[in-house]
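Tertiary structure, described
Single-letter residue listing:
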Amino acid sequence: MNKRLKLGWFSFSCCEDSTIIFTELLNDHYLTWKKLIDFRSISVLQKKEDLTDLDVAFVEGAITSGGQSDRLKVIRENSKKLVAVGSCACVGMPSAQRNLFNTETNTEIEAILTRFKYLPKVQKLSEIVTVDDQVPGCPMNEKIFLTLVDKYLKEFKIIS
Ligand code: SF4
């Protein structure tokens, strides 16, 4: 088989609607993409996961816990490019709504933060790792996503 783009798709705290958009896009693009893309990690499609030396990691959702932050760093270390997908990953909102809670509401949710080891503040990806590209939108903008897939297929010399 010819060289393929080693791609991972990851979701953190969010509603995963960009993942749904992605699976909808597979209806139109899967037959083409399976020849060009090696899906190394995408839990909505397969259980197996291989993070070794990814070309591109698409990451959806905001970061809410230390465990998520650690996993994001591992993904970053193993990916040549990392793309924030959707508003929650790009700017934190709307997943980061609790960052705006007043003191009274923060007191109410304190036990939940402790129980689930949540961070004091929800963070966008770029507060933790370097982000190479962004797909804005809530959910993600399909056209920008497809343009980026094409860009990386060319950049990694999968297509000319
Ligand atoms: S950006 Fe919007 S669609 Fe995407 S995970 Fe966040 S709330 Fe859901």
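Worth saying up front: this structure is predicted, and the values here are computed from it rather than measured. (Residues numbered from 1 in each chain as written. Predicted model: local features only at pLDDT ≥ 70, side-chain atom pairs only at ≥ 80, totals over all residues. Heavy atoms only, no water.)

Attention shifts here to the overall build of the protein. Helix and strand content of the protein: five helices and seven strands. Mapped from its N terminus to its C terminus, the protein presents α and β elements in the order β-α-β-β-β-α-β-α-α-β-β-α. Computed over C-alpha atoms, the radius of gyration of the protein comes to 17 Å, within 12% of the 15 Å expected from 2.2 N^0.38 for 160 residues, which places it in the range of a compact globule. Evaluated residue by residue, the protein yields a buried proportion of 42% over its 160 residues. Contacts in the protein between residues far apart in sequence, at least 24 positions, make up 75% of those at least 6 positions apart. For the protein, the accessible surface area stands at approximately 9,000 Å², while carbon and sulfur atoms represent 51% of it. Of note, the protein has its 22 positive side-chain charges centred 6 Å away from the centre of its 21 negative side-chain charges. (Helix = DSSP H or I, 4+ residues; strand = E, 2+ residues; numbered from the N terminus. Rg over C-alpha atoms; globule rule 2.2 N^0.38 Å. Buried < 20%, exposed > 50% of the residue type's maximum accessible area, 1.4 Å probe, protein only. Contact = heavy atoms within 4.5 Å. Areas by Shrake-Rupley, 256 points an atom, 1.4 Å probe, with all protein chains shown as cover. Lys, Arg positive; Asp, Glu negative; His and termini not counted. Charge placed at Lys NZ, Arg CZ, Asp CG, Glu CD.)

Next up on the list: the pattern of salt bridges. Overall, the coordinates contain eleven salt bridges when judged by the stated rule. Taking the shortest distance from any N to any O, the salt bridge between Asp 38 and Arg 4 comes out at 3.8 Å. Taken together, the residues Asp 38 in strand β2 (residues 37–42) and Arg 4 in the segment before β1 (5–11) connect sequence positions 34 residues apart. The class for Asp 38 is buried, based on a relative accessible area of 18%. A relative accessible area of 24% places Arg 4 in the partly exposed class. A salt bridge links Lys 81 to Glu 155, with the shortest nitrogen-to-oxygen separation between them at 3.6 Å. (Salt bridge = Lys/Arg side-chain N within 4 Å of Asp/Glu carboxyl O.)

The next subject is the UniProt feature "domain: NADH:ubiquinone oxidoreductase-like 20kDa subunit" (unreviewed entry) in the protein. As annotated in UniProt, the feature "domain: NADH:ubiquinone oxidoreductase-like 20kDa subunit" (unreviewed entry) corresponds to residues 24–149 in the numbering used here. Counting secondary structure, residues 24–149 comes out at 40% helix and 25% strand; the distance between its end C-alpha atoms is 15 Å. (UniProt positions renumbered as here; feature names shortened; annotations may be inferred.)

Time to look at the site of the ligand. Taken together, Cys 14, Cys 15, Glu 16, Asp 17, Ser 18, Gly 86, Ser 87, Cys 88, Pro 94, Gly 137, Cys 138 and Pro 139 form the complete shell of residues around the ligand. Breaking the shell around the ligand down by element, the ones donating at least two residues are α1 (17–36) and α3 (87–91). Partitioning the shell around the ligand into residue classes produces six nonpolar, four polar and two charged. (Near = heavy atom within 4 Å. Nonpolar A, V, L, I, M, F, W, Y, C, P; charged D, E, K, R; others polar.)

With 25 residues, the main nonpolar core has Leu 5, Phe 22, Trp 33, Ile 37, Phe 58, Met 140 and Phe 145 as its most contacted residues. Breaking this core down by element, the ones donating at least two residues are β1, α1, β2, β3 (54–60), β5 (79–85) and α5 (142–155). Considering every element that reaches this core, the biggest residue donor is α1, with six residues. Those residues in contact with Leu 5, other than ones at most four positions away along the chain, are Leu 36, Ile 37, Asp 38, Asp 55, Val 56, Tyr 152, Leu 153, Phe 156 and Ile 158. Grouped together as the second largest cluster of nonpolar side chains are 16 residues, Ala 57, Ala 89, Leu 125 and Val 129 included. (Core = buried A, V, L, I, M, F, W, Y, C linked by side-chain atoms within 4.5 Å.)

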